[in-house]
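Remarks on the overall topology
Each chain, letter by letter, is given below.
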Amino acid sequence: MNHTSNPMIVPENFIQATRDSGYKSFGAAVAELIDNSFQANAHSVSIFIRQDLAATSKIVVSVSDDGDGMNALTLRNALRFGWSSRFNDRRGTGRYGMGLPNASLSHARRVEVWSSADGEHAAGRYLDIDDHFPFYGKIDVARAAFCNVCRSGRGTVVFLKSCDRLEPAGVEMICQTLVLELGRIFRYQIWEGRKIIVNNSTVLPIDALFLRGVGADAHATRFGPDLCFNFTIPGGRCVGQTSQVRVMFAELPIASLFQLSNSSKSKLGITKRAGVSVVRAGREVDYGWLFMGAKRKENYDDWWRCEVHFEPDLDELFGVTNTKQRVFPTEPLSKVLTPAIEKIARELNGRVRTKFMALACVEPKKRSEKV
């Protein structure tokens, strides 16, 4: 049978469809590129966002790193969907070889990858959905041009061009939002010494548990010991071996922060941020009202936090999407985690309620409150 006459994928339609992969934000898409940089042993990643001087209605984004760079084979295949030099490798953040092209095209119509593995020679590839099929090709990159955008002289640069899903007038707001989002997603990597820069602003880590300080250096406190659960690694990859899920809780310093204005609480990330941060291999992949069973979310739940940590060996149990921005916990996982987390969530909710009632009793009431 001649398979080439009837390919399984219609390239033109596939490229258009993949743009709607479901990245919930620009930050989630950029995080995929940063994953690649850190997995290539980069110490620093610089992101630059600007208006395209040649097309004022569009934005250009560059993401450069000082990592290992790509060899000829890797660069030649870097923009192929599903190709990966580490396919299904559970030792890092990537697995399927979809991140670079998928994330890039979710916001741009053209993506270029420039790379140098030896610091002496550079080469590039592009993928442009407005070109005639096959959409991709080779780029000749002069070393001087490469060094101009990658100051380390070695590493990789990804250009997102013709960004038709970003507002040119909103560059400043895009940067501000990106700094906050990346600070939360990559907080553990930044604490370990990695650096992320957005338009010359250094991304600071944002602690989802507030244990490292919040609002006038008031620190949250750990609540109880960590919960640790061992699960058999699914899929028959490591017969009989287990991998651990670790759950941590923290109480925010209510007495120090409850008198702040609503806007201040919102700015600090306290109000309307109740939930669980899910961290995969040291990188946040989801945040939401997860593993709570029948407990509904209340305002009191803004004052405590939870983190769930796991390794890629348990991806199937957590239902991790290929975009690494959501989890869909399976029944075996939920059956174990939900009762334990829900129980502590209810206890923390009650503790917060009691503290607020006590503070209300000792604080002098305003005249309007007395009336």
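To be clear, the structure that these remarks concern was listed above.
Here the structure is a predicted model, which is why all the values come from computation and not from measurement.

Analysis parameters
- Residues numbered from 1 in each chain as written.
- Predicted model: local features only at pLDDT ≥ 70, side-chain atom pairs only at ≥ 80, totals over all residues.
- Heavy atoms only, no water.
- Buried < 20%, exposed > 50% of the residue type's maximum accessible area, 1.4 Å probe, protein only.
- Helix = DSSP H or I, 4+ residues; strand = E, 2+ residues; numbered from the N terminus.
- Pairing = 2+ DSSP bridges.
- Lys, Arg positive; Asp, Glu negative; His and termini not counted.
- Salt bridge = Lys/Arg side-chain N within 4 Å of Asp/Glu carboxyl O.
- Expected span 1.5 Å × (residues − 1).

Every other side chain in a regular strand lies on the same face of the sheet, so the side chains alternate between the two faces. Burial analysis of strand β11 (residues 242-251) places 7 of its 10 residues in the buried class, the great majority of the element. Taken together, the 2 bridges between strand β9 (residues 221-222) and β11 define a ladder with antiparallel strand orientation. By the bridge assignment, arginine 222 is partnered in β11 with alanine 250. The pairing of strand β10 (residues 227-232) with β11 spans 6 bridges and is classified as antiparallel. Bridge pairing in β11 places phenylalanine 231 opposite serine 243. Two elements, β11 and strand β14 (residues 304-310), share 6 bridges in a ladder whose sense is antiparallel. Following the sheet pairing, methionine 248 is matched in β14 by glutamate 307.

Let us now look at the side chain of aspartate 65. By secondary structure assignment, the location of aspartate 65 is in strand β2 (residues 55-65). Notably, aspartate 65 is buried but unbridged: the nearest opposite-charge side chain belongs to arginine 154, and the N-O separation is 8.3 Å.

Another aspect to go through is unusual backbone geometry. Unusually for a residue other than glycine, asparagine 199 sits at a positive phi of about 45°. Mapping asparagine 199 onto the fold places it in the loop between β7 (195-198) and β8 (201-202). Residue classification places asparagine 199 among the partly exposed residues on the basis of a relative accessible area of 22%. Despite not being glycine, phenylalanine 291 has its phi angle at roughly 60°, a positive value. Within the secondary structure, phenylalanine 291 is located in the loop between β13 (283-288) and β14. Looking at phenylalanine 291, the relative accessible area reads 6%, which means it is buried.

What follows covers helix α2 (residues 26-39). Across its 14 residues, α2 extends 20 Å between first and last C-alpha, which sits within 8% of the 20 Å expected from 1.5 Å per residue. When you tally the buried positions in α2, you get 13 out of 14 residues, the bulk of the element. Just past α2, the residue asparagine 41 takes up positive phi, approximately 70°.

On to the pattern of salt bridges, then. For the coordinates displayed, the defined rule picks out 22 salt bridges. The partner of arginine 283 in a salt bridge is aspartate 35, and the shortest N-O contact between them spans 2.8 Å. One end of the pair, arginine 283, is in strand β13; the other, aspartate 35, is in helix α2, and 248 residues separate them in sequence. Here lysine 324 ties to aspartate 35 by a salt bridge, and the two come within 3.7 Å at their closest N and O atoms. Of this pair, lysine 324 sits in the loop between α10 (315-318) and α11 (331-362) while aspartate 35 sits in helix α2, placing them 289 residues apart in sequence. On the accessibility criterion, aspartate 35 (3% relative accessible area) is buried. When salt bridges that share partners are traced, they join Glu32, Asp35, Arg283 and Lys324 into one network.

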